[in-house]
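Examining the three-dimensional arrangement
Next come the chains, spelled out residue by residue.
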Amino acid sequence: VSCDGGFSWQNTVIEMNVPVAEWPTEPSAVYLGEGRILVIARNELKENSTNRRQFQLTSCDYGATWHKALTNITDINISPPALIYDAESGSVSCYYFHRGKGVLNCRRAQVKDIWNTPLNWPAPETVAIGSCEVCEAGNVNATVCAGKHILAYYSGAMPSPAVYVKVIDKK
């Protein structure tokens, strides 16, 4: 947390001694305004686990305190999410690649519908298909440009997986 425009920073530990299955790793965050921050992160469970889920972390006080909960997003496998918030519509898009299945999914929800109920994320929409190789596809990143969601992810097979860009028109 910085109180001086980023000149200096203070780290605050919010969890300690947490089992590996509960580590919220590779998070993606969006600022919703009025001190509210929404974070989605994956857990560290490996391919043979049936307990893979994304975590939802929320803060109402600019990140001073946090609430962590499991979501109903289970169609994942060791791949980080990418969030985009649309302030005009009040919606958030959560993009993620399901490694081993070769599917790039998006779950789009109204923030009001998932903020206090992280098990209410809607069903996924497949936005791209890629390689089913577990370690050679995934890690989507997302941004917004001119009303379009621009996604970048890698997919393929050794020795040369490729980087792909997918443009989704949200207008």
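Every value quoted in this text rests on a predicted model; they were computed, and no experiment measured them.

**With respect to unusual backbone geometry**
Pro 159 follows Met 158 through a cis peptide bond whose omega is 15°. Residue position: Pro 159 is located in the loop between strand S10 (148-155) and strand S11 (162-169). Within the chain, Asn 17 stands out as a residue other than glycine whose phi angle is a positive 55°. Following the sequence through the fold, Asn 17 ends up in the segment before strand S1 (25-33). Residues other than glycine seldom take positive phi values, yet Glu 34 does so here, at roughly 55°.

**Observations regarding the side chain of Ser 28**
Within the element layout of this structure, Ser 28 appears in strand S1. Judged by its relative accessible area of 13%, Ser 28 falls in the buried class. A polar contact of 2.9 Å, which involves the side chain of Ser 28, links it to the backbone nitrogen of Leu 83. Setting aside anything within four residues of it in sequence, one finds Ser 28 in contact with Leu 38, Val 39, Ile 40, Pro 81, Ala 82 and Leu 83.

Here is what the cut-offs are and how they apply
- Residues numbered from 1 in each chain as written.
- Predicted model: local features only at pLDDT ≥ 70, side-chain atom pairs only at ≥ 80, totals over all residues.
- Heavy atoms only, no water.
- Helix = DSSP H or I, 4+ residues; strand = E, 2+ residues; numbered from the N terminus.
- Buried < 20%, exposed > 50% of the residue type's maximum accessible area, 1.4 Å probe, protein only.
- Polar contact = N/O pair within 3.5 Å; in protein donor to acceptor, adjacent residues only side chain to side chain.
- Contact = heavy atoms within 4.5 Å.

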